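Breakdown of the fold
This is what each chain is made of:
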Amino acid sequence: MRTDQSSQRNNSSGSEVSLDIPPNAIYNTSRDYIVQTEENEKLNCCTFTKDWLRQLSSNVFRKKTLYKRLPILTWLPKYNRNDFIGDLMAGITVGLTVIPQGLAYAGIAGLDLQYGLYGCFLGCFIYIFLGSSKDVPVGPTAISALLTFQTTHGLWQKAVLLTFLSGLIEIAMGIFRLGFLIDFVSGPVSAGFTSAGSLIIFTSQLKDLLGVNTKGDTFVDMWFSIFGDIHNISWNDAGLGVCCIVVLLTMRAMAGMSFGPKEGKTCWQKFFSTLFWLIGTSRNAVLVVVSAIVGYYLLQADIDIFRMVGYVPKGLPQFQLPPFTMTTITNSTSGEITEVHESFTHMVSSLGSGLIVVPLISLLENMAVVQAFANGKPCDATQELIAVGVCNVANSFVQGFRGNGGIARGAVLNSSGVRTQLSNLYTGIIVIVALLYLTPTFYYIPKATLAAIIMAAVIFMIQYRVIKPMWRSKKSDLIPGLATFVACLVLPLQLGILVGIGINILFILYHAARPRLRVETLSTSNDIKYLMLTPDRCLIFPSVEFVRNVITKQGRKSTLPVVIDCTHIYGADYTAAKVVSTMIGDFEDRQQKLYFFNLQPRVAQVFESLHKDLTVLYDMNSLEIKLSGKEEHHSKL
């Protein structure tokens, strides 16, 4: 790009000059240049590091950053009486939901029931300070419980260690701003994973509903185990479980019932609408209480027809470090007791891909809650990673297992009129009260009741509704979705989601490697014909060879000049420059004209690095001049 002499004089002070391409400009890279910059200062490593640390510290300790990383500073000064009432009601409502869910999710994770409650209070308190969304109730979820089971196989030491390590990984992801990783989990992949996970959870609860074995790490293995033990079915438990599922679904429908008109309800109509909503929302707690009362009176009457939950330790857990080593005691076939010691390294290696998958799925679940109730406001994935990571690290010190925001509890929290993150305080207090005073009553809860609670919830997690929209919009999206669904059923869940993400990335790479090129035969105002080729995206190593083949093929079909419209090419790399250099040489050997139209200067710099004879045109007048072979004097820039 030619530069005007007066412009050079005016900028001789050393300030950076950025030139726009003016009308009627032709850029021949063999003679000209694009941007004139000041001479870079030579900085040694120590100076660069010192400047970087100074800039980092100034950013960290800014008031804006402080308010961003401690969201409580934003909403707490404006807290009022209405916020208190809304948070109190929402926190109590979710607390009544969390207790039966925590007990049930511990069963999914293969842990004793108290561990489900251990992960439901400390994280809630910490999220008040670090959480960015008022609609996120921190605690175990069905998916996190299932991933915990498949990663740790029901060993509480490894489950707690997984909570600790995955929390650290989430904090690191937040510090390095890796929240964008969930962008690699597309909607179809997420739907396939969630649907498969719900079926696996549903199947795993048949052991408590029917009294049969559901051993195995995959959906297929579980069903083989069920069919092999179906003759041991417990009809009493099965009947109770089916009745509980029917009751739960009926009470779920009650939550959506409304009496009278939408506006202008009478006091009685408002009362019954609120009552039905409260009963429907708290259906899990209501069912657990009723079942425990029935179980108590049956056992007092010496009628032992249902399998009960059994003893749950009373009191809060001890605050201590997560287990970094463990000793397991097993009975061999000879009856000898064998002690097996596992070091920290061995425990970490046994967690395998779970250390990658668990934080990723946790972020996906958590952001689904945040985005669902954000009402169009921006969502900060980085802050959520830090908040949930710290919550899980803290949970590991009280022997809790993995937790994050769940969409079901988030919906309950939102519909309960939550105002701020302080609702988590009241939820955590309710869990503490349950641990201190209510655990003896848990003994009388039938196992079939907890199984029914889970099964009635996960059947609504099956994403069958997305199939029809995907079929209408883009049928190829069904491929990664179905592949993820099948992979998660036949493989362990953490491997299945990795397979789905891998297939989705292959689709992305394929589309990146096969851009579309529009080919047109056009004429100038002087009736000079030329071939215009327009790629629809940037030129990088997966796609550039394909683009070159198409351009060369079209160029060989005629002797017309070829013009490449580079309007959509906003980036290129070394491989692209090398291929473009070869392509320019091929056109020169055939003595066929090749021009680049609207090529961005920074991309032209990349191409020029390997080939100087590059001609770039920036308006139609310049193009007509070149095609006609006329040489005109152009004002220098």
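Residues numbered from 1 in each chain as written. Predicted model: local features only at pLDDT ≥ 70, side-chain atom pairs only at ≥ 80, totals over all residues. Heavy atoms only, no water.

**Overview of the overall build of the protein chain**
Of regular secondary structure, the protein chain possesses 28 helices and ten strands. The burial tally for the protein chain puts 49% of its 637 residues in the buried class. For the protein chain, restricting intrachain contacts to residue pairs at least 6 apart in sequence, the fraction spanning at least 24 positions comes to 77%. (Helix = DSSP H or I, 4+ residues; strand = E, 2+ residues; numbered from the N terminus. Buried < 20%, exposed > 50% of the residue type's maximum accessible area, 1.4 Å probe, protein only. Contact = heavy atoms within 4.5 Å.)

**Overview of the environment of Leu-155**
When you line up the elements, Leu-155 lands in the loop between helix H8 (142–152) and helix H9 (156–175). Between the C-alpha atom of Leu-155 and that of Thr-328, which follows or precedes it by 173 residues, the distance is 9.2 Å. Setting aside residues up to four positions removed in sequence, Leu-155 forms contacts with Leu-111 and Met-326.

**Details of unusual backbone geometry**
Unlike most non-glycine residues, Asp-302 shows phi in positive territory, near 60°. In this structure, Asp-302 sits in the loop between helix H15 (283–300) and strand E3 (326–331). Unusually for a residue other than glycine, Asp-527 sits at a positive phi of about 60°. Within the element layout of this structure, Asp-527 appears in the loop between strand E6 (517–523) and strand E7 (529–535).

**Some remarks on a nonpolar patch on the surface**
Together, Val-220, Phe-224, Ile-356, Val-486, Val-490, Leu-491, Leu-495, Leu-498 and Val-499 make up a nonpolar patch on the protein surface, roughly 750 Å² of accessible area in all. Looking at the nonpolar patch, the elements with two or more residues in it are helix H12 (219–228), helix H23 (478–490) and helix H24 (493–513). Mapping Leu-491 onto the fold places it in the loop between H23 and H24. (Patch = residues over 30% accessible without salt bridge, like charges linked within 9 Å, V, L, I, M, F, W, Y side chains within 5 Å. Areas by Shrake-Rupley, 256 points an atom, 1.4 Å probe, with all protein chains shown as cover. Salt bridge = Lys/Arg side-chain N within 4 Å of Asp/Glu carboxyl O.)

**A word on the pairing of strand E8 (residues 562–565)**
Side chains Val-562 and Ile-564 project from E8 onto one buried face, and the interleaved Val-563 and Asp-565 project onto a second face that is buried too. Relative to E8, E7 is paired through three bridges, and the arrangement is parallel. Bridge pairing in E8 places Leu-531 opposite Val-562. Examined bridge by bridge, E8 and strand E9 (residues 594–597) share four bridges and lie parallel to one another. Across the sheet, the residue bridging to Val-562 is Leu-594, located in E9. On the question of chirality, the crossover connecting E8 to the parallel E9 by way of helix H26 (residues 574–589) is right-handed. (Pairing = 2+ DSSP bridges. Right-handed = clockwise from strand over helix to strand, strands pointing away.)

**Quick notes on the packing of aromatic side chains**
One pair of aromatic rings is described through two measures. These are the centre distance and the angle between the planes. In this structure the tally under the stated criterion is 19 aromatic pairs. Pairing Phe-164 with Phe-397 gives two aromatic rings, centres 6.2 Å apart and planes at 75°, and the pair type is edge-to-face. Of this pair, Phe-164 sits in helix H9 while Phe-397 sits in the loop between helix H18 (381–396) and strand E5 (404–405), and the two are 233 residues apart along the sequence. Among the aromatic residues, ring-to-ring pairing joins Phe-164, Phe-319, Phe-324, Phe-344 and Phe-397 into one connected group. (Phe/Tyr/Trp six-rings, centres within 6.5 Å; stacked < 30°, edge-to-face > 60°.)

**Thoughts on helix H20 (residues 423–442)**
The axis of H20 is deflected most strongly, by about 60°, at Leu-436, and proline Pro-440 appears within four residues downstream. All of the buried residues in H20 are Ser-423, Asn-424, Tyr-426, Thr-427, Gly-428, Ile-430, Val-431, Ile-432, Ala-434, Leu-435, Thr-439 and Phe-442. In this structure, the buried side of H20 is in contact with helix H5 (81–108), helix H6 (114–118), helix H7 (122–130), strand E2 (138–139) and helix H19 (407–415). (Bend = angle between axes of the 7 residues up to and from the residue.)

**Quick notes on a positive patch on the surface**
A contiguous patch of positive charge, built from Arg-62, Lys-64, Lys-68 and Arg-177, is present on the exposed surface. Its place among the elements puts Lys-68 in helix H3 (residues 63–69). Relative accessible area serves as the criterion here: at 40%, Lys-68 is assigned to the partly exposed category. (Lys, Arg positive; Asp, Glu negative; His and termini not counted. Charge placed at Lys NZ, Arg CZ, Asp CG, Glu CD.)

**Section: the confidence of the model for the protein chain**
Scored by pLDDT, the protein chain comes out at a mean of 83, with 88% of its residues at no less than 70. Ranking the elements of the protein chain by mean pLDDT puts helix H1 (residues 5–10) last, at 36, and H7 first, at 95. Here residues 1–43 scores under 50 on pLDDT; set against residues more than four positions off or in separate chains, the count is 76 contacts. Throughout residues 632–637 the model reports pLDDT below 50, and contacts reaching past four residues in sequence, or to other chains, amount to 13 contacts. (pLDDT = per-residue confidence, 0-100.)

**Some words on the UniProt feature "transmembrane region" (unreviewed entry) in the protein chain**
Mapped onto this structure's residue numbering, the UniProt feature "transmembrane region" (unreviewed entry) falls at residues 88–107, 113–130, 159–180, 238–255, 275–299, 425–444, 450–467 and 479–510. Segment residues 88–107 splits into 100% helix and 0% strand. End C-alpha atoms: 29 Å apart. (UniProt positions renumbered as here; feature names shortened; annotations may be inferred.)

**Some remarks on the nonpolar core**
Ranked by internal contacts, the top residues of the largest apolar core, which has 111 residues, are Phe-401 and Leu-450. Setting aside residues up to four positions removed in sequence, Phe-401 forms contacts with Tyr-105, Ala-106, Ala-109, Leu-111, Tyr-115, Gly-116, Gly-119, Pro-140, Ala-145, Thr-148, Ala-159 and Thr-163. Residues Val-544, Ile-584, Phe-607 and Tyr-618 belong to the second largest nonpolar core, which totals 27 residues. (Core = buried A, V, L, I, M, F, W, Y, C linked by side-chain atoms within 4.5 Å.)

**A few points about the environment of Ile-569**
Along the chain, the position of Ile-569 falls in the loop between E8 and H26. Given the relative accessible area of 1%, Ile-569 is considered buried. Here the alpha-carbon distance between Ile-569 and Ile-540, two residues 29 residues apart in the chain, equals 9.8 Å. Dropping the residues within four chain positions of it, Ile-569 is found in contact with Pro-535, Arg-537, Cys-538, Leu-539, Gln-600 and Val-603.

**Focus on the pairing of E7**
Burial analysis of E7 places six of its seven residues in the buried class, which makes it a mostly covered element. Pairing geometry for E6 and E7, over seven bridges, is antiparallel. Considered in E7, the bridge of Leu-517 is made with Pro-535. Taking the residues that link successive antiparallel strands as the turn, the E6-E7 hairpin has five residues, and the phi of Asp-527 there is positive, at about 60°.

**Considerations on the packing of helix H10 (residues 187–204) against H23**
Contact geometry of H10 with H23 gives a least axis separation of 7 Å together with a crossing angle of 30°. With respect to H23, the element H10 is oriented roughly parallel. In the crossing of H10 with H23, the sense of the turn from one axis to the other is right-handed. Counting all contacts with H10, which are made through Pro-188, Val-189, Gly-192, Phe-193, Ser-195, Ala-196, Leu-199 and Ile-200, the residues of H23 involved are Pro-480, Gly-481, Thr-484, Phe-485, Cys-488 and Leu-489. (Axes fitted to C-alpha atoms, helices over the stretch in contact; angles between N-to-C directions. Parallel < 35°, antiparallel > 145°, perpendicular 65-115°, else oblique. Left-handed = near helix turned anticlockwise from the far one by under 90°.)

**So, helix H21 (residues 447–458)**
The first and last C-alpha atoms of H21 sit 17 Å apart over twelve residues, in line with the 16 Å expected at 1.5 Å per residue. Of all twelve residues in H21, ten are buried, a share of seventy percent or more. Turning to H21, its buried residues are Ala-448, Thr-449, Leu-450, Ala-451, Ala-452, Ile-453, Ile-454, Met-455, Ala-456 and Val-458. Contacts made by the buried residues of H21 are with H5, H8, H10, helix H11 (206–209), helix H13 (235–254) and H15. (Expected span 1.5 Å × (residues − 1).)

**Description of the side chain of Asn-424**
Structurally, the position occupied by Asn-424 is in helix H20. Those residues in contact with Asn-424, other than ones at most four positions away along the chain, are Cys-124, Phe-125, Tyr-127, Ile-128, Val-136, Pro-137 and Val-138.

**Overview of the pattern of salt bridges**
For the structure shown, the criterion picks out nine salt bridges. Salt-bridge contacts for Arg-548 lead to Glu-545; the nearest nitrogen and oxygen are separated by 3.3 Å. On the criterion of helical spacing, the pair formed by Arg-548 and Glu-545 is a turn pair, its members being three residues apart in helix H25 (residues 541–556). One connected set of salt bridges, linked through shared partners, spans Glu-545, Arg-548 and Asp-586.

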